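Here is what each chain is made of, one letter per residue.
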Amino acid sequence: MTHPGIELVGCTVRQAVTDGKTHADAICALNGRFPAAAVTAIMDLTVEAEAFGAEVVFTEDEIPNVVGRLVSDYDSVASLEVPGLDKGRVQQFLLANRLTAERIKDKPIYGGCIGPFSLAGRLFDLSELMMAIYIEPQTVSLLLDKCTEFIISYLKAMKGTGINGVVLAEPAAGLISNDDCNAYSTAYVRKIVEAVQDDNFIIILHNCGNTGHCTDAMVRSGAAALHFGNRADMVQALKDCPADIPVMGNIDPVGVLGQGTPESVREATTALLEATAGWDNFVLSTGCDVPPHIPLDNIAAFYEALDNFNNR
């Protein structure tokens, strides 16, 4: 949840995703307004693709979008350079993480980064990538190797800013089967986990494309925590995940928070908490990013429902 923070500081999304100080100001403003158990950076899944050279289109009040294809076949992937951390807006996002870590000391701070399969989809075109899995597997594997190499480099730098972990967003991996998710996402996420995760820096794997069919692949990643989108059955996800790792989700940020009222938000949040009360490893969250222009009263109702439930 960062868009409401951007609004609290009177800035546009474009300002926040291009300037690290504005980004940090938004995170800290939001932290001062709502009692989240942790704070998160903006989840802008174009940053990494832009560093590779993808074309990104900016608007004032929406997260940027990648347009076009950067690579399209084995030769173009083979010639694709793994970028340094001086490309695009990477340094601004690292700055935002560092400034936030300097200002917030009483709770965990998590950065945001795209996952390897989702990044490959941004570079190759997701529909084309899903077909290439079957007709050009060598091309896909090579691209995933390069995406993973960059993500590891980026996360090592993020780790150095003083934050406590990262939400690794792999939504595109939810569009393929569990077996394919294991082969083309989990295998590479595991490399990232092995390279950066430790007692002081965790990976929270987010897959809002998963409807339950690839929960097994998420578990196999080795990520310290798993985050589910609102399309998943949260009770079934808890049944399918180990009891010793946090399992997070999954209030619909649009259908409930965006389109509801404080009363309906409280009802939906309470219903989820009651359904998941038997699992000590459940952590209440939204299923995905909270979009712009969500009524602040609805966000407050979300936390009120949690407080009321926990104080019973």
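Above this text is the structure in question.
Residues numbered from 1 in each chain as written. Predicted model: local features only at pLDDT ≥ 70, side-chain atom pairs only at ≥ 80, totals over all residues. Heavy atoms only, no water.

Some points on unusual backbone geometry
For the bond running from Gly249 to Asn250, omega is -20°, close enough to zero to count as cis. Within the chain, Asp125 stands out as a residue other than glycine whose phi angle is a positive 85°. On the secondary structure map, Asp125 appears in the loop between helix 7 (116–124) and helix 8 (126–135). The phi angle at His293 is positive, at roughly 65°, despite the residue not being glycine. Relative to the elements of secondary structure, His293 occurs in the loop between strand 9 (282–286) and helix 15 (296–310). (Helix = DSSP H or I, 4+ residues; strand = E, 2+ residues; numbered from the N terminus.)

Considering the sheet that holds strand 7 (residues 225–228)
The strands that make up a sheet are held in pairs by hydrogen bonds between backbone atoms, and each pair lies either parallel or antiparallel. The seven strands are arranged 1-4-5-6-7-8-9 in an open sheet whose pairing can be described as parallel. If you trace the sheet from one side to the other, it starts and ends with strand 1 (39–40) and strand 9, each paired once. Both strand 7 and strand 8 (residues 247–251) contribute to a ladder of two bridges, which runs parallel. Paired with Leu226 across the strands is Val247, a residue of strand 8. Of the strands in this sheet, strand 5 (165–169) and strand 6 (202–207) touch helix 10 (residues 178–196), which is tilted by about 160° from strand 6. (Pairing = 2+ DSSP bridges. Contact = heavy atoms within 4.5 Å. Axes fitted to C-alpha atoms, helices over the stretch in contact; angles between N-to-C directions.)

What about the state of the cysteines?
Within the structure shown, the criterion is met by zero disulfides. Of the cysteine sulfurs around Cys147, a residue in no disulfide, the closest is that of Cys113, at 10 Å. Between Cys214, a cysteine without a disulfide, and Cys181, which holds the nearest cysteine sulfur, the sulfur-to-sulfur distance is 4.3 Å. (Disulfide = S-S within 2.5 Å.)

Points about the packing of aromatic side chains
Applying the stated rule across the entire model yields four aromatic pairs. An angle of 15° between the planes, with centres 5.9 Å apart, marks the rings of Phe34 and Tyr303 as stacked. Here the residue Phe34 occupies a position in the loop between helix 3 (20–33) and strand 1, and Tyr303 occupies one in helix 15, the gap between them amounting to 269 residues. Judged on exposure class, the residue Phe34 and its partner Tyr303 are both buried. Ring plane angle 70° and centroid distance 5.4 Å describe the contact between Phe52 and Phe150, whose orientation is recorded as edge-to-face. Of the two residues, Phe52 sits in helix 4 (residues 47–52) while Phe150 sits in helix 9 (residues 137–159), which places them 98 residues apart along the sequence. Both residues of the pair, Phe52 and Phe150, belong to the buried class. Among the aromatic residues, those joined into a ring-pair cluster are Phe34, Phe302 and Tyr303. Taking the ring centre of Phe124 as reference, the NZ or CZ of Arg69 above it sits at 4.8 Å. (Phe/Tyr/Trp six-rings, centres within 6.5 Å; stacked < 30°, edge-to-face > 60°. Buried < 20%, exposed > 50% of the residue type's maximum accessible area, 1.4 Å probe, protein only. Lys NZ or Arg CZ within 6 Å of the ring centre and 35° of its normal.)

What to know about the pattern of salt bridges
One pass over the structure, following the stated rule, counts eleven salt bridges. Between Glu60 and Arg14 there is a salt bridge whose closest N-O contact spans 3.9 Å. Of this pair, Glu60 sits in the loop between strand 2 (55–57) and strand 3 (65–67) while Arg14 is found in helix 2 (residues 13–18), placing the two residues 46 residues apart along the sequence. Between Lys191 and Asp145 there is a salt bridge, and its shortest N-O distance comes to 3.8 Å. One end of the pair, Lys191, is in helix 10; the other, Asp145, is in helix 9, with 46 residues separating them in the sequence. Through salt bridges with shared partners, a single ionic network connects Lys21, Asp25 and Arg103. (Salt bridge = Lys/Arg side-chain N within 4 Å of Asp/Glu carboxyl O.)

Things to note about the pairing of strand 6
Most of strand 6 sits out of view: five of its six residues are buried. Bridge analysis of strand 5 against strand 6 gives five bridges, and the strand direction is parallel. Looking across to strand 6, one finds that Val166 is bridged to Ile203. Each parallel crossover has a hand, and for strand 5 linked through helix 10 to strand 6 it is right-handed. (Right-handed = clockwise from strand over helix to strand, strands pointing away.)

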